[in-house]
Amino acid sequence: MNNYYIFNNIFKVEYISTIFSDIIEKGKKFIVHFPGTEEIDSENPQERGKEEFLNLENVQIGSSEYMKEGIKIVGDLNLKSKNLFYQYFSKASINGRKEGLYHFSIHNEENMIFEIQNFCIGYILCNFYNESEQEDLGLHQYEKFIL
């Protein structure tokens, strides 16, 4: 069980770009969930990024535990995958959340440290930052939840 900050719209957090960069640079692996199978439905915004993540090297594809009929793609955070996350996160920050990825998480060796569900509902592991850093980033003002 870990404490997480939970946000209805992660893109409204003041320092989210800094937080996201820190998480991507310190994360070790990712999991991205998409509806359907490995086939691409370019009209479905929930499938945005599916083709690019499927084409990354050394990813594992399995059934999503979050979607009745969906897949998850699991891989290491390397230069190519980090660039994809930055690309989609930037699009969502600038053009609106529906331009981003529908559901993904970033993990370190032990825990999920960051997650976005439904394009914008965000989770940040509380102890990812020390208390001073949490205060500097304004996170201390948010309620913590145990998940």
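Further up the page is the structure itself.
Residues numbered from 1 in each chain as written. Predicted model: local features only at pLDDT ≥ 70, side-chain atom pairs only at ≥ 80, totals over all residues. Heavy atoms only, no water.

## As for the nonpolar core
Nonpolar side chains tend to gather and get buried jointly when the protein is soluble and globular.
Part 1 of the argument: Counting 41 residues, the largest nonpolar core has F53, F85, I106 and F114 as its most contacted members.
Part 2 of the argument: Ignoring sequence-local partners within four residues, the contact set of I106 consists of I23, I24, G27, K29, F30, L77, F85, N111, M112, I113 and F114. (Core = buried A, V, L, I, M, F, W, Y, C linked by side-chain atoms within 4.5 Å. Buried < 20%, exposed > 50% of the residue type's maximum accessible area, 1.4 Å probe, protein only. Contact = heavy atoms within 4.5 Å.)

## Considering the sheet that holds strand 7 (residues 121-125)
Part 1 of the argument: Judged by pairing direction, the sheet is antiparallel, and its eight strands sit side by side in the order 3-4-2-5-6-7-1-8 without closing on themselves. The open sheet has two edge strands with one neighbour each: strand 3 (60-63) and strand 8 (144-146). Each neighbouring strand pair of the sheet contributes to a mean axis angle of 20°, computed without reference to strand direction.
Part 2 of the argument: In terms of strand pairing, strand 5 (residues 103-107) meets strand 6 (residues 112-117) through four bridges, oriented antiparallel. Each bridged residue has a counterpart across the sheet, and for S105 the counterpart in strand 6 is E115.
Part 3 of the argument: With respect to the sheet, helix 1 (residues 16-26) is in contact with strand 5, strand 6 and strand 7, its orientation differing from that of strand 6 by roughly 125°.
Part 4 of the argument: Strands strand 2 (29-35), strand 4 (70-76), strand 5 and strand 6 of the sheet are contacted by helix 3 (residues 79-95), whose axis makes an angle of about 55° with strand 2. (Pairing = 2+ DSSP bridges. Helix = DSSP H or I, 4+ residues; strand = E, 2+ residues; numbered from the N terminus. Axes fitted to C-alpha atoms, helices over the stretch in contact; angles between N-to-C directions.)

## Observations regarding the packing of helix 1 against helix 3
The description of two helices packed together rests on the angle between their axes and the distance between the axes.
Part 1 of the argument: Relative orientation of the contacting elements helix 1 and helix 3 amounts to 165°, with a least axis distance of 11 Å. In terms of orientation, helix 1 and helix 3 fall into the roughly antiparallel class. In the crossing of helix 1 with helix 3, the sense of the turn from one axis to the other is right-handed. Residue-level inspection shows I16, F20, S21, I24 and E25 of helix 1 in contact with helix 3, the latter providing K82, F85, Y86 and F89. (Parallel < 35°, antiparallel > 145°, perpendicular 65-115°, else oblique. Left-handed = near helix turned anticlockwise from the far one by under 90°.)

## Structural notes on a negative patch on the surface
Part 1 of the argument: There is a patch of like negative charges on the surface, built from E131, E133, E135 and D136.
Part 2 of the argument: With respect to the helices and strands, D136 occurs in helix 4 (residues 131-136).
Part 3 of the argument: Assessed through its relative accessible area of 57%, D136 is described here as exposed. (Patch = residues over 30% accessible without salt bridge, like charges linked within 9 Å, V, L, I, M, F, W, Y side chains within 5 Å. Areas by Shrake-Rupley, 256 points an atom, 1.4 Å probe, with all protein chains shown as cover. Salt bridge = Lys/Arg side-chain N within 4 Å of Asp/Glu carboxyl O. Lys, Arg positive; Asp, Glu negative; His and termini not counted. Charge placed at Lys NZ, Arg CZ, Asp CG, Glu CD.)

## Observations concerning helix 1
One full turn of an α-helix is made of 3.6 residues, so residues set three or four places apart face in the same direction.
Part 1 of the argument: Along helix 1, the positions that sit buried rather than exposed are I16, I19, F20, I23 and I24. Viewed end-on, helix 1 has its buried residues packed into an arc of 130°, placing them on one side of the element.
Part 2 of the argument: If you follow the buried residues of helix 1, they end up packed against helix 3, strand 5, strand 6 and strand 7. (Arc of directions from axis to C-beta.)

That is the geometry; function is a separate question.
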